[in-house]
Every structure is written in structure tokens, then in C-alpha cells.
Amino acid sequence: NLKKVKSRRNQQRKLRKKANFKTFALVGYTNAGKSKLFNCLTKKKQSSKNVMFETLDTKTGRVYLGKNKYIGVIDTVGFINNIPTQLIESFKATLEELVYADVLINVIDISDLDYKNKEKVTIETLRMANVSEEKINKMITVYNKIDLSPYNLSSESMNYISAYTGQGIEKFKASLIKY
């Protein structure tokens, strides 16, 4: 059955490439709000409880950016510090989507005082999953949970959002058109 899944994913990828349909994969530490952002962008209702490994398989949805342009968004499993090697092995099929996604979006919980360390863990995990340095360097960083953040967030150049309240989502979506 894994062969069938792999074959189906390859087929879907070929169709997306042919249609010039860009895919964006949401990555980041567990509980950063990836599924909440996925739901916000795609208008879907994936479960997004505040528990570790709430998302165990990738979910894909379509997002309308306006001007007759759609993109695909992939919700992925959350990363943790010191992830056991055997766990990485079991997530290989899920993480494989990251290699084929056109753009990665690193979702960071800006209300977490340890967010900088968790950002480093995400980058290390992407490297362990064989994601290219080029893709990691071009990754979009989005700071989620601004409604809970203890920081004064006023910078216009950053992607500050709240997938929970919807704050900053339209501006963030509009920024995706250029990719």
C-alpha cells in the first residue's frame, strides 16, 4: 500500500508541475499553529488541538490568492528537539513532501519565549530530512500567535499573524502571489 501512496503522490506532483501550480509546505515546531494556519488559508477544518503530533500525516489544500491564481498548501508534522532517528524514519514519507514543495513556510510561535531555539531545531530537522540549503535559505518565516505574544510587534517587514484571530492573514496571503 505504501507503493500505491508513493505512486499517487508522484502523479499528483507531476500534474501540479505541469499546471504551474506552486505548493507551499508549512513547517515548524510542534504547536506553532501550522494546522490552524492551514485551516485559515484553505477554509478547511483540520483538527488543530494544542497537543504534540496532532498532525501525523500531510494534508493538502488549495488557497485562492485572487486574480485567478491558486496555490497548494501542505500541512506537515510538527518538529521536536532531539527527535529520535527511528521517528524521523517513520516520518520520511511525510517529510518527503518538503523536498518537492516549491516553497517552505516556517511557522513560528512568537508567544513562546524559546522561539529562537525552536526555529534552529526546525532548520536542523529540515537538513536531516534532506531538504536543500537553497530551499532552506529561501524559506518564508511567519510569526504566528501575535495575539498571545509578550513582544511589541510593529514591524511592517515581518510576517506577523494570528491564525486564531485572523490578524495579518490577508496581508500574508497577498505576499504569496510573488512566488
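Scroll up for the structure.
Anyway, here's the lowdown on the structure attached to this text. Just so it is clear, the structure is predicted and the values come from calculations on it, not from any experiment.

Quick look at helix 5 (residues 115-128) now. Over its 14 residues, helix 5 runs 20 Å from end to end, which matches the ideal 20 Å to within 8%, given 1.5 Å per residue. All of the buried residues along helix 5 are Tyr 115, Glu 119, Val 121, Thr 122, Thr 125 and Leu 126. Down the axis of helix 5, the sector holding all buried residues measures 160°, keeping them to one side. Residues of helix 5 that are exposed and point over 90 degrees away from its buried face: Lys 116 and Lys 120. The positive-phi residue at the C-terminal boundary of helix 5 is Asn 130, with phi of around 65°.

Oppositely charged side chains can form a pair if their charged atoms are brought close together. Overall, the coordinates contain four salt bridges when judged by the stated rule. Of the charged contacts in the structure, one is a salt bridge between Lys 118 and Asp 112, with a shortest N-O distance of 2.5 Å. A relative accessible area of 22% means that Lys 118 is categorised as partly exposed. Owing to a relative accessible area of 18%, Asp 112 belongs among the buried residues under this scheme. Residues Lys 138 and Glu 134 are paired through a salt bridge, measuring 3.1 Å at the closest nitrogen-oxygen approach. In this pair, the class of Lys 138 matches that of Glu 134, namely exposed.

Before going further, it helps to examine the sheet that holds strand 6 (residues 159-160). Strands sit in the order 2-3-1-4-5-6 across an open sheet of six strands; the sheet is mixed. Looking at the sheet topology across the chains shown, the edges are occupied by strand 2 (59-66) and strand 6. Of the pairings in the sheet, the one linking strand 1 (residues 23-27) to strand 3 (residues 69-75) comprises four bridges and is parallel in character. In the sheet register, Thr 23 faces strand 3, and the bridge partner there is Gly 72.

One non-glycine residue, Asn 31, lies in the positive phi region at around 70°. Looking at the secondary structure, you find Asn 31 in the loop between strand 1 and helix 2 (34-42). Asn 31 gets classed as partly exposed once you look at its relative accessible area, which sits at 28%. In this structure, Lys 145 takes a positive phi of about 70° despite not being glycine. Here Lys 145 is to be found in the loop between strand 5 (140-144) and strand 6.

Moving on to the side chain of Asn 106. The residue Asn 106 is located in strand 4 (residues 103-109) in this model. For Asn 106, a relative accessible area of 0% translates into the label buried. Contact partners of Asn 106, with chain neighbours within four places excluded, come to Val 27, Gly 28, Glu 119, Thr 122, Met 139, Ile 140, Thr 141 and Val 142.

Our focus in this paragraph is the packing of aromatic side chains. With the rule as written, the count across this model stands at four aromatic pairs. Considering the side-chain rings of Phe 24 and Tyr 179, the 6.0 Å spacing of their centres and the 90° angle between planes classify their relative orientation as edge-to-face. Here Phe 24 is found in strand 1, whereas its partner Tyr 179 is found in the segment after helix 7 (169-175), with 155 residues between them in sequence. Take Tyr 179: its relative accessible area is 34%, and that puts it in the partly exposed class. A ring pair is formed by Tyr 115 and Tyr 143, whose centres lie 6.2 Å apart and whose planes are at 90°; its orientation type is edge-to-face.

Analysis parameters
- Residues numbered from 1 in each chain as written.
- Predicted model: local features only at pLDDT ≥ 70, side-chain atom pairs only at ≥ 80, totals over all residues.
- Heavy atoms only, no water.
- Helix = DSSP H or I, 4+ residues; strand = E, 2+ residues; numbered from the N terminus.
- Expected span 1.5 Å × (residues − 1).
- Buried < 20%, exposed > 50% of the residue type's maximum accessible area, 1.4 Å probe, protein only.
- Arc of directions from axis to C-beta.
- Salt bridge = Lys/Arg side-chain N within 4 Å of Asp/Glu carboxyl O.
- Pairing = 2+ DSSP bridges.
- Contact = heavy atoms within 4.5 Å.
- Phe/Tyr/Trp six-rings, centres within 6.5 Å; stacked < 30°, edge-to-face > 60°.

Limitation: the analysis is restricted to geometry and does not speak to function.
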